[in-house]
Amino acid sequence: MCGARVETPAPHTSYIFKHNVTHEVAYGTLLFTQRRDLHRDVGVALERVAPTEIAQLARHTFLGEDWERALRYQALAGRQAQKLFANHEGIEHLRRALQSAEHLPDAAMDAQRLAIHADLGELLTTTSQYEPAQEHLNQALALADALADRDARARVCRWFARLHELRGEFAS
């Protein structure tokens, strides 16, 4: 067919591996820096084209070591999971948010750390993980005092009360 125009298919908006083994082999052949850079690029692109895909944004920004964005999206994903009663998923997202915050300047992140520790204390209390819950609530209380945030202090104290109630420590 001389002179016939051949149309190229439109690019796909998403790509998947048909088999997990293929995915693992392809992913495993990349250098760590290549993987990090690819995840960072995917995070930036997702933020532009699919800003409501919070869980995917959280994953790619975290793996891309884009710490400021990772903190924001991991915290958002954790709170979304908490609202859906996906408590264990929420805990993991919030723990990653704290890991992200460790890579950022301390003073600038105190208010965010306070919120994350308080949310973690709440989720861990809800899932009967009392020891780690108490640790996070203690850290949230210290941050609330340092920031003179009375509302946050009241919220943390309320969860301390719930923690002691669930433990049967009514005097506390």
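Starting afresh in each chain, residues are numbered from 1 along the sequence in its written order. Selection of residues for local features in this predicted model requires a pLDDT of at least 70, selection of side-chain atom pairs for listing and counting requires 80 or more, and totals for whole chains, interfaces and linings are taken over all residues. Hydrogen atoms and water are omitted, and side-chain values are computed over all heavy atoms in the structure.

1. Brief notes about the overall build of the protein
1) Next: In terms of helices and strands, the protein carries eight helices and zero strands.
2) Next: Tracing the protein from N to C terminus, the helices and strands come up as α-α-α-α-α-α-α-α.
3) Next: Burial classes: relative accessible area under 20% of the type maximum marks a residue as buried, over 50% as exposed, and values in between as partly exposed (1.4 Å probe, protein chains only). Burial analysis of the protein (172 residues in total) assigns 34% to the buried set.
4) Next: Two residues qualify as a contact provided that any one of their heavy atoms is within 4.5 Å of a heavy atom in the partner residue. Partitioning the intrachain contacts of the protein with sequence separation of at least 6 by distance along the chain shows that 50% fall at a separation of at least 24. The secondary structure listing takes helices from DSSP runs of H or I that are at least 4 residues long and strands from runs of E that are at least 2 residues long, numbered from the N terminus.

2. Observations concerning the side chain of H164
1) Next: Mapped onto the elements, H164 comes out in helix 8 (residues 150–167).
2) Next: Those residues within four positions of H164 in sequence are excluded, and the remaining contacts are E169, F170 and S172.

3. Concerning the nonpolar core
1) Next: Within this scheme, the nonpolar core is defined by two criteria: the residues are buried Ala, Val, Leu, Ile, Met, Phe, Trp, Tyr or Cys, and they are joined through side-chain atoms within 4.5 Å. Counting residues in each nonpolar core, the largest one holds 29 residues, and the members touching the most others are L71, L114, I116, L120, L137, V156 and F160.
2) Next: Within the residue set of this core, elements represented by two or more residues are helix 4 (67–83), helix 5 (87–101), helix 6 (106–126), helix 7 (130–147) and helix 8.
3) Next: For this core, the leading source of residues is helix 6, giving seven residues.
4) Next: Beyond its immediate chain neighbours, meaning those up to four positions away, F160 contacts Q134, L137, N138 and L141.
5) Next: A50, I54, L57 and Y73 belong to the second-largest nonpolar core, a separate cluster that totals seven residues.

4. Description of the packing of helix 6 against helix 7
1) Next: Where helix 6 meets helix 7, the closest approach of the two axes is 8 Å, and the angle between their N-to-C directions is 150°. It follows from the interaxial angle that helix 6 and helix 7 lie roughly antiparallel. In the packing of helix 6 onto helix 7, the handedness of the crossing is left-handed. Seen from helix 6, the contacting residues are D110, A111, R113, L114, H117, A118, L120, G121, L124 and T125; seen from helix 7, they are Y130, P132, A133, H136, L137, Q139, A140, L143, A144 and L147. For helices, the fitted line uses only the C-alpha atoms of the stretch in contact; every axis is such a line through C-alpha atoms, and the angle between N-to-C directions lies from 0 to 180 degrees. Note on terminology: angles under 35 degrees are roughly parallel, angles over 145 are roughly antiparallel, angles of 65 to 115 are roughly perpendicular, and the others are oblique. Rotating anticlockwise by less than a right angle from the far helix to the near helix defines a left-handed crossing, while the corresponding clockwise rotation defines a right-handed one.

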